[in-house]
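Observations on the three-dimensional arrangement
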Amino acid sequence: MSDTLEQAIGQAQHRSTFARIANLQVFWVFIAAVLACLALSVMTDAFATERNLFNVSRNFAFVAIIAIGMTTVIASGGIDLSVGSTVVLSAMVISVLMEGGYPFWFSAVAALGVALLVGLINGVLIAYAGMPAFVITLGMLSAARSAAMVLSNNKMIWEFGPDHDLLLWIGGGSTFGLPHPLYVLVVLTVVMSVVYRWTRWGQYVFAIGSNEEAATLTGIAVKPIKVSIYMFSAFTAGLTGILMAGWLGSVTTNLGTAMELTVIAAAVIGGANLNGGEGTALGAVVGALLIEVIRNSLILLGISTFWQGMFIGTFIVIAVSFDRIRHARS
Amino acid sequence: MSRLKLSGVSKSFGAIQALDNVSLQLGPGEVIGLMGDNGAGKSTLVKIIAGNYRPTTGEIRIDDKRVEFHKPIDAQREGIEIVYQDLALCDHFTAASNVFLGREPMKRFGPFGAIDYEEMRTTSAKLFARLKSETRPRDVVRRMSGGQRQAVAIARTLLSDAKIVLLDEPTAAISVRQVAEVLDLIRNLRDHGISVILISHRMPDVFAVSDVIAVLRRGQLVASKKAAESSPEEVTGLITGAIEYA
Ligand SMILES: Nc1ncnc2c1ncn2[C@@H]1O[C@H](COP(=O)(O)OP(=O)(O)OP(=O)(O)O)[C@@H](O)[C@H]1O
Ligand SMILES: [Mg+2]
């Protein structure tokens, strides 16, 4: 009797590796992206060129970096609508400082510091004042972009002082044929995959999103962790702002407009659950990849980019219904 | 000696007086069955003992030493463990992760630490075996039966060397066979000298394991007497108010 009990307890779930992988949303999104790439390679000559692949990998890296921050927020049961504005604020801080003759590293740290401050304000108002994340970050969406306009007097900046070339190289250059933002993305993906699974902070992010009440009752420091989550999200946006400034070589206050929607779409398509408790770094990356491949394919196939939203919208709905089907089955 | 002693504990939430001057004693290895109608204040009382709420007035003594809990962790340090009425589990997590939630063991790699999943699995497997529950540590809680979820929540209390275990309706949503298992577990805790406060609406469960029956009515403790000297009829009367006081 006790033997069979221990056997029953020790038993793993009867599911093969393939069944487990097939149950992952990120797997199917990845398949969709690969199929799209294959189709494009056959249908157009322009897709599988080095130049185009380079552009695709760089463009999707910007969205994917922030999507990892967004996935963290969404996994904790929140939302951050202010990331697009944090991108422009960070880009503007580094541009204004570098234009004023400050070196790159000083300006970059200042830009990240300002982004972290944005996250801190979001986090404190959400965690300690108990206000809804949607409302607070919607307010910040407006306030941060306005701050960027005030800072730059709403003019374009394209001269970055003594470290001008360094900034352009960091954001727009490449090493071993791969664009620099892609390196940042790979490091961030690996680090955050490890952090989600192997650190207490990572587990608590998901615990808060899964059952905030339970997390509080078990003595997890929910409020400070929430603040750190919004700061991390703002950090990814700030980082992207710096990289985008270098890539574009000029910064205007339009930068990052509506980017939060693409980022949220990438996170959700990649399996982040808007009810909290679920999401992966790899999912965010694959979701962002799929969106960029769709965008790129429409351009290459000569289809009006006005159709882009239709495709992305369809994928969001498919991703969410996939989630429901999977949960209904189990 | 009393393991736990409450004197004149009151708690109000704004205009609601949830507890009114409650005094209660619990000896080592003693089981108190706490009964009362919905909203009588039972959950509030155990949450005060577990450090979730602070009493508006009144004091708590553990082993004759006055204590003040600001957070649940303060109560845990004094050996108080609680199973919440709604179980307080994370549905997306495995049984093992839920058992260890908030106190994950860490494996060290030089300057780095990583959550020790292996340790969490083996320890929770042992706890489930001790509870005689067919609960697999790797299973996700969302897909579990009511009894298995209960086992996960109770296994949490066995992680540390608890002196006092508070159970808020542990037999509410589970099958008859599993009720018997939970009652066995309570006897098991008692035999190890652990004191238990059991909240339940089920009269037979309470009488099966309790040494003392305590009844709350609208925040007031209207009875606290030996189970052997009471009866289900009397307790029913006390709960409804047909019997004023005993
Ligand atoms: N956090 C809170 N804020 C405000 N009022 C509360 C709070 N918790 C409990 N109450 C109120 O205190 C009273 C006692 O509630 P409590 O949950 O302790 O009852 P209970 O005896 O556990 O009931 P049940 O059998 O339904 O679980 C109720 O009137 C309830 O509405
Ligand atoms: Mg209750």
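Below is a summary of the structure that appears in this document. Bear in mind that the values here come from a model prediction, so they are computed numbers and not experimental data.

Observations concerning the overall build of chain A
When you go through chain A residue by residue, the secondary structure sums to 15 helices and two strands. What you see for chain A is a C-alpha radius of gyration of 21 Å, in line with the 20 Å of a compact globule of 330 residues. Counting only C-alpha atoms, chain A reaches 80 × 55 × 35 Å along its principal axes. Expressed as a percentage of the 330 residues in chain A, the buried residues total 51%. For chain A, contacts bridging at least 24 residues in sequence account for 78% of all contacts bridging at least 6. Entry remark: accessible area of chain A is about 14800 Å², with carbon and sulfur atoms responsible for 69%.

Some thoughts on the pattern of salt bridges
Residues and elements named next belong to chain B. Taken as a whole and assessed by the stated rule, the structure comprises 18 salt bridges over all chains. Linking Asp63 and Lys163 is a salt bridge whose minimum nitrogen-to-oxygen distance equals 3.1 Å. One end of the pair, Asp63, is in the loop between strand E4 (57–62) and strand E5 (65–67); the other, Lys163, is in the loop between helix H5 (146–158) and strand E9 (164–168), and 100 residues separate them in sequence. Looking at Asp63, the relative accessible area reads 27%, which means it is partly exposed. Take Lys163: its relative accessible area is 25%, and that puts it in the partly exposed class. Linked by salt bridges that have partners in common, Arg3, Asp63 and Lys163 make up one network.

Looking at the packing of helix H10 (residues 200–210) of chain A against helix H12 (residues 222–248) of chain A
Residue and element names in this part refer to chain A. The N-to-C vectors of H10 and H12 enclose an angle of 100 degrees; their axes lie 10 Å apart at closest approach. Overall, the two elements H10 and H12 adopt an arrangement that is roughly perpendicular. Facing Trp201, Tyr204, Val205 and Ile208 of H10, the residues of H12 in contact are Val222, Ile225, Lys226, Ser228 and Ile229. Counted by class, the contact of H10 with H12 contains seven nonpolar, one polar and one charged residues.

What counts and what doesn't
- Residues numbered from 1 in each chain as written.
- Chains lettered and ligands numbered in written order.
- Predicted model: local features only at pLDDT ≥ 70, side-chain atom pairs only at ≥ 80, totals over all residues.
- Heavy atoms only, no water.
- Helix = DSSP H or I, 4+ residues; strand = E, 2+ residues; numbered from the N terminus.
- Rg over C-alpha atoms; globule rule 2.2 N^0.38 Å.
- Buried < 20%, exposed > 50% of the residue type's maximum accessible area, 1.4 Å probe, protein only.
- Contact = heavy atoms within 4.5 Å.
- Areas by Shrake-Rupley, 256 points an atom, 1.4 Å probe, with all protein chains shown as cover.
- Salt bridge = Lys/Arg side-chain N within 4 Å of Asp/Glu carboxyl O.
- Axes fitted to C-alpha atoms, helices over the stretch in contact; angles between N-to-C directions.
- Parallel < 35°, antiparallel > 145°, perpendicular 65-115°, else oblique.
- Nonpolar A, V, L, I, M, F, W, Y, C, P; charged D, E, K, R; others polar.

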